[in-house]
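# Architecture and fold: a report
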Amino acid sequence: MSVPTGDVHTPPPTAELGWCPVTLSRRDFLSAAGAGAIGALVGSGWGASQATDPVTSVENPLTSYPNRDWEQVYHDIYAYDAVDWTVCHPNCTQSCALNFYMKNGVPIRAEQVYHNEEPSVGPSGYEDAGVSQNWNPRGCMKGLTLHRRTFEPSRIKYPMVRKGWSPDDPNPEGRGEDEFERVSWDEAIDLLAEKMASLEDNKRFHVFNAIKADGLFTRHGAGRRLASVFGGCEWTEYDWYADLPPGHVITTGYQTSDADAADWRKSDYTIIQGKNLIHNKLADNHWFQEMRERGGEMVGIYPDYSPTVQKCDRWLPIRPGSDPAIPLGVAHVVIQQDLYDAAFMRQFTSLPLLVRDDDDKYLRAHEVFPDHSEPEGEEAWGEFVVLDQSGDPVAVSREEVGEEMPVTPTLEADTDLSLADGSTVGVRTDFTRQKTNVLENYSPEQVEEITTVPADALAKTAREFAAAENGQWFTGEGINHWFHGNSALQRSIFFVQSMLGNVGKPGCGYYNYSGQYKIELLDGYPQYVNPDGHSAHGMYPGYALAFFGGERLDPHEIRGDFDRELDLVPQGDAEDPVMPKGAESYTMSKPSVLWTMNCNLLNQTKHQEHVIENFVKHPETENELFVVSDMHMTYSARHADIVLPVPSWLECDYPDITVGPENPFVQMDHGVMDPLYDTKQDGEIIALVAERLDEKIPPEERRVDSYREYFAEFLDEDGDVTNYIQAAFDAGITTQDIDVEDLEDGPERLNLKTYPRVPFYSQIHDDRPFYTKTGRMEFHKEEDRFVELDRDDLDHIESVEGTPYEPNAKWPEAGEGSNDLYEEGYQFYYNTPHSKYRTHSSWGMTDWNLVWSARDFGSVSADPEGTERLIDDFSFPEGEGDTSDAPPLGEAFVEMHPSDAADIGVENGDYVRISGTRGDTVVRVMVSERQRPGDAGDMGQLTIWHGWWPQHFPDDEASEDGIKGFNVTTNIWLDPGQETDDLVHKGVFGDPNVSDVVDEDVAWHGAELEHGYEETVWAPTGVNRDDLVTVEKYEEADWWPGDARRDDLMQDYIGGSLQGGGN
Amino acid sequence: MAKTYNPQLGREQPYPYEHREEERDYHWGMVINTNRCINCNTCSFACKSTWTSGEGEEYMWWMNVETEPYGGYPMGWDMKLLSELEEDQTIFEAADADEQVKGYIAQKEAWEYPALGDDQAHGEYPRGDVVESDLENDEYHDIWQFYLPRLCNHCKNPACLAGCPRQAIYKREEDGIVLLDQERCRGYRRCVKACPYHKPMYNPETGITEKPVGCYPRIEEGNVPRCVSSCIGKTRLHGNINRGPDAASPGGNAPGGRSPINYLVHSDEKVALPLYPQFGTQPQVFYMPPYHVPPEFLTQMFTPNTDQKRNDWPGSTYEESVRIVQERVRDPSHHVLGILQLFGATTRLVETYTVKENRVKGWDQNGEKVVDMPIYEDIEVREGEQWTNQP
């Protein structure tokens, strides 16, 4: 065959090759907003390729090529005229420094910051923070589309007021439907300030959400500061969204504590349960994979084939919601086979402490020893009692832990003890209580019955885990979002880990990596948000949404109190009895003014139909003004009365700082480009409101001399908001020696006891007490509420709704009963895990992220070949009835197992209606072998990745309210176990163990243990997985790529025999 | 057609052009550890935001990650060709008489879903059972998926180059990067048809074809491609695949000898395999295979897939090669573990390296040290009673 030369005749390409060049989208999405500018800039080099040139012969293009001048084309595309850097820190909790490459003032691409390296010309990188290069690089695909997000059609371009709203007549029925009117900033600020100034009770001013991943000082952290000085309330997402894992607080007295990611690879055995770590913690994930390279084994426990399963050595498929039984089954093996570390249990846990049989309280020393007097005062819990090796009682205080234990106590006892008053009481050690229950009810065979996990595999896993040197156990949002998953499961995992001595040491522990508890790492923060002793009232969002709308939810039902036995009492300024007795510290104040910042509350809220119909749009709602500050016209902003546009991180005037729970860095961001629209940063908006409040409220009626003074750095000519940051740094030991200016050059490392950070290191190595009454990791709980609910010891309890068995009951009784809802035909679990291409709902409309997050149904073409779509163009309202539109490049979908889909006659790509007792929604089906089928146990599982916008769902033609989305079937559950004043814990900030030792100018100097409600620490969590639904076919829709994947060719391919005559 | 020796196949094969007599001192190459890959597509976004965010390029993802076995961009790209190839037949040998290369044009709709099959697993849900992998006992996951990052392989026998009738595609002398001359191309799409990896892509707006550029503006400055530096999973190492054990020091205090990727690909401790070497293009991106996945599938994907094993890979059959490599990847030697620390440590292109005890070091092409880090790190404990991990 001859070598072809350049002068062959021109073939007729389109006819021969069958693909006519067509424009890929019916509406060119790049023409929208600034994305077009990016395209145009990058594409500017293409003109050259149209030029004709003489065809010259190339002898051998494998070895040389005559004219390479054209290569300049890609140099030009690559070229930039400036580089600036900032930090991407959405609520994924990670925080990653990125360089932005600029052309003509427009960011054209982002790259992760490395060490002091070209072309990372920005900050100095992580090395200067005193860590190894192994932290390079950080920053996922979301950071790389921050500039595209900034240019999106969904941006809010100027302040707006809903036309139907007026201060005196809020007319809430028009929310979400009325047109907006463009107003000036001055007018918007004035309306808001006027409403605040006219409040009868300042507690009715509510800010959502200040303690969050993004924007600690100059953004919505300023909102918290205003709520504090104004005397308002603050809501936080951490507890509401159920990231808060109360089992940690119950066991350790501590909000949550997670190790640095750099610690993960030191483990030699990992159990990962219900956490899709490989997609939730992208930037720091490599540490996890490195653990396997270093010999680590990994066992995953999931109901579905989670993407993380592909990395696991073993997958134990589990019935959804049955997770708390797993660690109890492991505990059974550990106890029965004597695999536990008795010394560790004696030193650091409540397991040797005696508990009275009559009232389930820990036995106190004064009850036994005449020379011990009864402790006085609320915070005095007395000393506890153990039995020494000869069976004699010995008093131990909460400080006598570790090596300071006065005796070697016996772990097991079940005896009668004579008390100082001459009476006799039956006592058992905490360990005996747990052991008896575990041995009786949680053998691997019994756990198999509960969970469907094969008993032999569970027992094998338990033995291997016990034999490992360093065992770590992860759970996450997937389980925290179950009513009992977020406390019972966690307590039992801690039980296993403490029996194995897997706490406080490198490569060990029990971690969650969910949520905003990272703020504790910035321990000088209270100096800013709670200035001069003013602190906003905590407010649990579920109360407002459940009880302050027009129609209220049944307070017993949403607590799982189906027999209506809980003693509910009036609370706060509610008119109905809605709180369990003994929860006085729980604020309930009507949110007359609700101002959300950096939060898409209505998209992400549970029981969405109730919230929209009753809290938002009901004529009798207690909410008179709903203000939304956002970058985008979200579902929440669409329902606002006042819409305030904020800049993207790339456009910010003022810098801000950020920290993260799985890395040791503190970092500062700053804008890299001029704002595109008439936006203001949260801090500046707050400052302007504060200034206006001074004008409207006479000095004698203000709670502070001047509201403006607290925000003066935002407003004064010579103001410098970094002064706020520096002052807070100076007030925290983690940041005391850090100069804000240094952060302009890159990250710094926080000052912590260890690097990598290992939680409870001081407890185990320096014999310091845990933050519980007993000073130990507590398994039996003596607080009245736990005893009353029969949850004082470790158990598995069935879901309040998401179960075919007896709801809210223990086994074996639960297994003998059944769930009425299940019997009525609601026979699917409903799972809403996190998507990797979004952070919650943010990036939900960013084109590339949308295409990929829609997976099979994401297309770069708005009108793809061979399929039908029921969704329309996305439309975002602007002032005066105008809209900004975007092509629908992706749509939401629900994953469902093929056998379950076949049962209802549904094929890949068809649309279904999912219905629960609280609402329904129509969505496209992705048939997926990953999902748990009904015949694997009892019910199938449906999975909708969370964070879709309503626009991503088609309208249901039969639906009257038009409310749609992934949250319509979920519920606002309140766990009464978490609504009690008497649980002892540490506050968010500071360590009571050393609060006398730290400098007096540290914000938490002198901090003591606390009890009762504390936002982000001890509050009911807004669980949403306890949800049964049913599913039916809605409409057929051809979707040909799905069929193409199921043919014989595919089967041969998968079997490795596709190539002719291969093996 | 000329004959050329293809070491990946262990035999001669036809190719339209003569190879150079001597291999380049430097050739673009890459190793990807699929076991570290988390399918975040940060590489894809990095590539697209750098190179293909212009008009007519909306559908182009030069870099994409697909989930095996159901993923594919364009859809089914490898299946069609595999089904039409005989055993031991390269795409050059299978070509019809009037063409250089056997291939096909993926139609428009096959490109429209870049995330098709994303995160789909294959297998039966384990009812009443568990899923387990135990390499020593030849046990693999029976429901499985894995992530396959896909990019231009900058092949030593590039099919796109062979297929281009205008000779507008060439291999750069200095680094082996395969480029498509944007001024010379007339959009015949012969390269689009020829490339078995489907990485040349036609721009319907400009009427010419574009292909991945190996990030040459970065390579020329001694930096690694965007898909490598952006990889937060630290799955990748880029460098000089041709730098063997006898090569001299690149300068300074840098040691001579192999590049780190050459060690992973060409040493006796081979841990990385080419993607579809049976196509005959000598691709230069090498994959550390997923160790939980059944080797039958991987043998089809990462070996010449013939009954008779001809090349110098370990084992007596290709399936055995895969099994051996899987085990090496699951439980890497200290030396390989050391090299794994170089992945994602620096944006500089690591030309040579050392692994000594607990230290790994890397030097760039100028002989400057660009990596110096421990393999195992001890915990640091701050002295003083005020310090706590609990603030």
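About the cut-offs
Residues numbered from 1 in each chain as written. Chains lettered and ligands numbered in written order. Predicted model: local features only at pLDDT ≥ 70, side-chain atom pairs only at ≥ 80, totals over all residues. Heavy atoms only, no water. Helix = DSSP H or I, 4+ residues; strand = E, 2+ residues; numbered from the N terminus. Rg over C-alpha atoms; globule rule 2.2 N^0.38 Å. Buried < 20%, exposed > 50% of the residue type's maximum accessible area, 1.4 Å probe, protein only. Contact = heavy atoms within 4.5 Å. Areas by Shrake-Rupley, 256 points an atom, 1.4 Å probe, with all protein chains shown as cover. Lys, Arg positive; Asp, Glu negative; His and termini not counted. Charge placed at Lys NZ, Arg CZ, Asp CG, Glu CD. Salt bridge = Lys/Arg side-chain N within 4 Å of Asp/Glu carboxyl O. Phe/Tyr/Trp six-rings, centres within 6.5 Å; stacked < 30°, edge-to-face > 60°. Lys NZ or Arg CZ within 6 Å of the ring centre and 35° of its normal. Axes fitted to C-alpha atoms, helices over the stretch in contact; angles between N-to-C directions. Parallel < 35°, antiparallel > 145°, perpendicular 65-115°, else oblique. Nonpolar A, V, L, I, M, F, W, Y, C, P; charged D, E, K, R; others polar. Pairing = 2+ DSSP bridges. Domains from an automatic or database assignment. Buried area = accessible area lost by both parts, 1.4 Å probe. Polar contact = N/O pair within 3.5 Å; in protein donor to acceptor, adjacent residues only side chain to side chain.

Let us look at the overall build of chain A. Of the regular secondary structure elements, chain A holds 36 helices and 37 strands. For 1063 residues, the compact-globule formula gives about 31 Å, and the C-alpha radius of gyration of chain A, at 30 Å, lands near that figure. Projected onto the principal axes, the alpha-carbon positions of chain A cover approximately 110 × 85 × 60 Å. Each of the 1063 residues in chain A was classed as buried or not, and the buried ones make up 71%. Taking contacts inside chain A between residues at least 6 apart in sequence as the whole, the part at least 24 apart equals 74%. Per element, the accessible surface of chain A, about 30,600 Å² overall, is 42% carbon and sulfur. Charged side chains in chain A number 83 positive and 195 negative. The centres of these two groups are separated by 1 Å.

Residues and elements named next belong to chain A. Taken as a whole, this structure holds 102 salt bridges over all chains when the rule is applied. Lys-696 is paired through a salt bridge with Glu-194; the nearest N and O atoms lie 2.7 Å apart. Taken together, the residues span a long stretch of sequence, with Lys-696 in helix H25 (residues 682-696) and Glu-194 in helix H6 (residues 185-197) at a distance of 502 residues. For Lys-696, a relative accessible area of 26% puts it in the partly exposed group.

Right, let's get into the packing of aromatic side chains. Enumeration over the complete set of coordinates arrives at 69 aromatic pairs over all chains. Taking the centre distance of 5.9 Å and the plane angle of 65° together, the rings of A:Tyr511 and A:Tyr513 count as edge-to-face. For the residue pair A:Tyr511 and A:Tyr513, the accessibility class agrees, reading buried in each case. Aromatic ring contacts, followed pair by pair, group A:Trp70, A:Tyr74, A:Tyr78, A:Tyr80, A:Tyr101, B:Trp51, B:Trp62 and B:Tyr216 into a single cluster. A cation over an aromatic ring shows up here: A:Lys606 above the ring of A:Trp240, its NZ or CZ 4.0 Å from the ring centre. The ring of B:Phe343 has B:Arg36 lying over it, and the distance from NZ or CZ to the ring centre is 5.7 Å.

We now examine the packing of helix H36 (residues 1048-1055) of chain A against helix H8 (residues 295-302) of chain B. Axis separation between H36(A) and H8(B) bottoms out at 7 Å; the angle between their running directions is 95°. One finds that H36(A) runs roughly perpendicular with respect to H8(B). Judged by residue contacts, A:Asp1052, A:Tyr1053, A:Ile1054 and A:Gly1055 of H36(A) engage B:Glu296, B:Phe297, B:Gln300 and B:Met301 from H8(B). In terms of residue class, the contact of H36(A) with H8(B) is made up of 4 nonpolar, 2 polar and 2 charged.

This brings us to the sheet that holds strand S14 (residues 352-356) of chain B. Residue and element names in this part refer to chain B. On the basis of which strands lie adjacent, the open sheet formed by 3 strands has the order S14-S15-S16 and antiparallel pairing. The strands lining the two open edges of the sheet, one partner per strand, are S14 and strand S16 (369-374). For this sheet, the mean inter-axis angle between neighbouring strands, taken without regard to orientation, is 10°. Sheet topology places strand S15 (residues 359-363) next to S16; 5 bridges connect them, and they run antiparallel. Residue Trp-363 lies in a different strand from S16, and its bridge partner there is Lys-369.

This paragraph deals with the domain arrangement of chain A. All names here are of chain A. In terms of domains, chain A is made up of domain 1 (77-150), domain 2 (160-243 + 532-645 + 681-719), domain 3 (246-514 + 765-788) and domain 4 (813-970 + 1027-1053). Contacts between the two partners involve 9 residues from domain 2, matched on the other side by 9 residues from domain 3. Of all residues in domain 2, Tyr-238, Ala-242 and Asp-243 give up the largest surface area on contact with domain 3, accounting jointly for 58% of the area buried on that side. At the boundary of domain 2 and domain 3, one finds 0 salt bridges. Counting every contact that joins domain 2 to domain 3 gives 6 residue pairs in polar contact (both at pLDDT 80 or more).

For interface size, the figure often reported is the accessible area lost on association. All names here are of chain B. Domain annotation for chain B reports domain 1 (41-120 + 132-214) and domain 2 (226-374). The C-alpha-based centres of domain 1 and domain 2 are spaced at 22 Å. Between domain 1 and domain 2, the residue contacts involve 41 residues of the former and 36 residues of the latter. Between domain 1 and domain 2, the buried area comes to about 3,300 Å², and carbon and sulfur atoms account for 63% of it. The largest share of the area that domain 1 buries against domain 2 comes from Leu-135, Tyr-140 and Lys-156, three residues that together contribute 19% of it. Our enumeration of links across domain 1 and domain 2 arrives at 2 salt bridges. Across the pair Asp-138 and Arg-323 runs a salt bridge whose closest N-O atoms are separated by 3.3 Å. Where domain 1 packs against domain 2, one counts 18 residue pairs in polar contact (both at pLDDT 80 or more).

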